[in-house]
Amino acid sequence: MSLSELPPQPHRRWNPLTREWILVSPHRALRPWQGQVENVPRPAGVAYDPACYLCPGNARAGGVKNPNYAATFVFDNDFAALQPGVPEWDLRDGELLRAVGESGTCRVVCFSPQHDLTLARMPVAEIARVVDVWTEQFLELGGLPGINSVQIFENRGEMMGSSNPHPHGQIWANHSLPGELVKECGAQGDYFSAHSSTLLTDYLRLEQRRAERLVCSNEHFTVLVPFWAVWPFETLLIGHRAVSGLDELTAEERVALADILHQITVRYDNLFRTPFPYTMGFHQRPTDGADHRAFQLHAHFYPPLLRSATVKKFMVGYELLAMPQRDITPETAARLLRELPDRHYLAG
Ligand code: H2U
Ligand code: ZN
């Protein structure tokens, strides 16, 4: 039996990036569903919303007024989870109780002044400006003393807890390396030591050869459903050239990154003809000044929807207590996404 003819039986799949297993139960994809039905979110519909705290010229919580920005706008989060200048302390009681001071900075990035746009409905040239801003922010925040991790992400849609439809993302930059980054650094570092090549470049070659889980690509980037995906339509965005951060991309690659972000978000919206909710974010090298050539820049998309604009996957029960599990296979999810039109369903 080869990996190309995986039987429709329960099996575990290995995630080499985090070194964890996930459970795949393909035979379960047909079970009846009488559970939750979500309200279908509608596109926001107005270019300017006087009540929006992200629209140009409007006041935010605390009274600060946004400038009349024309493209992108970055500000320090008014309810930041991290604060700069927290002194270093490490308090313990024996082995079991421990707390460590954590300093950092949280920022909000508005992608566009237009309230009702999304990445999927922004022209590639405008997304390219967002990529440039992310790159500048990575350099600026990563260059601050004591900042070793810069997490750039977007929560899209109410279902993912996004507080506002205005196109925006967040950046949390902090002193310690968060758990996911620690896992990915360890796995990529060990792989590079053993093979003298980056894990994700070798993985991408494999997927390009097998062509079972590819979704879309351009000259510099490919999006695929990883073999070990947990979320039904989870994808991984990998560059064709291994770089450790956005700052190492060429100007041409930054535009190609904007293009591939557009391609995948259009396909997502087209899947259930809805503004598709997701958490997306980049994983980049720690900014601690150490040698991170083993670390390859990539982005994850974690969308919650399962079978329609209204039914999402829950991470509950066995997933919380034991390990993540999925029904629809990554191969099926990739085929569904791949076969969708690359033109947005709302485009005239
Ligand atoms: P989310 O939609 O992903 O929650 O991001 C919006 C962020 O905007 C959120 O972290 C911040 C919230 O703290 N915010 C402000 O900084 N100022 C405001 O006036 C409202 C919300
Ligand atoms: Zn707005």
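Draft legend 1. Inspection of the packing of aromatic side chains at higher detail. Per the stated rule, a full pass over the model turns up 13 aromatic pairs. One aromatic cluster in this structure is built from Phe 233, Tyr 268, Phe 272, Phe 276, Tyr 278 and Phe 301. Residue placement shows Arg 12 over the ring face of Trp 21; its charged tip is 4.3 Å from the ring centre. Its guanidinium or amino end placed over the ring of Phe 227, Arg 13 lies 4.3 Å from that ring's centre, counting from NZ or CZ.

Draft legend 2. How the structure looks around the sheet that holds strand 2 (residues 20–24). On the basis of which strands lie adjacent, the open sheet formed by three strands has the order 1-2-14 and mixed pairing. Of all the strands in the sheet, just strand 1 (11–15) and strand 14 (325–326) have a single pairing partner and so form its edges.

Draft legend 3. Geometry of the sheet that holds strand 6 (residues 104–110). A sheet is described by the order of its strands in space; here nine strands give the open sequence 3-6-8-7-12-13-11-10-9, paired in antiparallel fashion. Every other strand in the sheet has two partners, leaving strand 3 (73–76) and strand 9 (214–217) as the edge strands with one partner each. Strand-to-strand, the axes of this sheet are offset by a mean angle of 20°, without reference to chain direction. Taken strand by strand, helix 2 (residues 179–195) contacts strand 7 (149–156), strand 12 (278–283) and strand 13 (298–302), and its axis lies near 130° from that of strand 13.

Draft legend 4. Layout of the nonpolar core. Residues Trp 134, Phe 233, Leu 237, Leu 257, Leu 261 and Phe 282 are the most contacted members of the largest nonpolar core, which totals 53 residues. Looking at which element gives the most residues to this core, the answer is helix 4 (residues 251–272), with nine residues. For Leu 261, the contacting residues outside a window of four places in its chain are Ile 127, Val 131, Trp 134, Leu 237, Met 280, Phe 282 and Phe 301. Ranked by size, the runner-up nonpolar core spans eleven residues in total, among them Leu 204, Leu 224, Leu 236 and Ile 238.

Draft legend 5. Looking closely at the coordination of the zinc ion (ligand 2). Binding of the zinc ion (ligand 2) to the protein goes through Cys 52 (SG), Cys 55 (SG), His 115 (ND1) and His 166 (ND1), at separations of 2.0 to 2.3 Å. Considering all four donor atoms around the zinc ion (ligand 2), the spread of angles at the metal, 102 to 116°, places the coordination shape in the tetrahedral class. Counting along the primary sequence, the residues that act as donors to the zinc ion (ligand 2) give the motif C-x2-C-x59-H-x50-H. Here the residue Cys 52 occupies a position in the loop between strand 2 and strand 3, and His 115 occupies one in the loop between strand 6 and helix 1 (124–142), the gap between them amounting to 63 residues. For the pair shown, Cys 52 and His 115 are each scored as buried.

How each quantity is defined
- Residues numbered from 1 in each chain as written.
- Chains lettered and ligands numbered in written order.
- Predicted model: local features only at pLDDT ≥ 70, side-chain atom pairs only at ≥ 80, totals over all residues.
- Heavy atoms only, no water.
- Phe/Tyr/Trp six-rings, centres within 6.5 Å; stacked < 30°, edge-to-face > 60°.
- Lys NZ or Arg CZ within 6 Å of the ring centre and 35° of its normal.
- Pairing = 2+ DSSP bridges.
- Helix = DSSP H or I, 4+ residues; strand = E, 2+ residues; numbered from the N terminus.
- Axes fitted to C-alpha atoms, helices over the stretch in contact; angles between N-to-C directions.
- Contact = heavy atoms within 4.5 Å.
- Core = buried A, V, L, I, M, F, W, Y, C linked by side-chain atoms within 4.5 Å.
- Buried < 20%, exposed > 50% of the residue type's maximum accessible area, 1.4 Å probe, protein only.
- Donors = N, O, S within 2.8 Å, 3.2 Å for Na, K, Ca; no water.
- Tetrahedral: all angles 85-135°; square planar, octahedral: opposite > 155°, others 65-115°.

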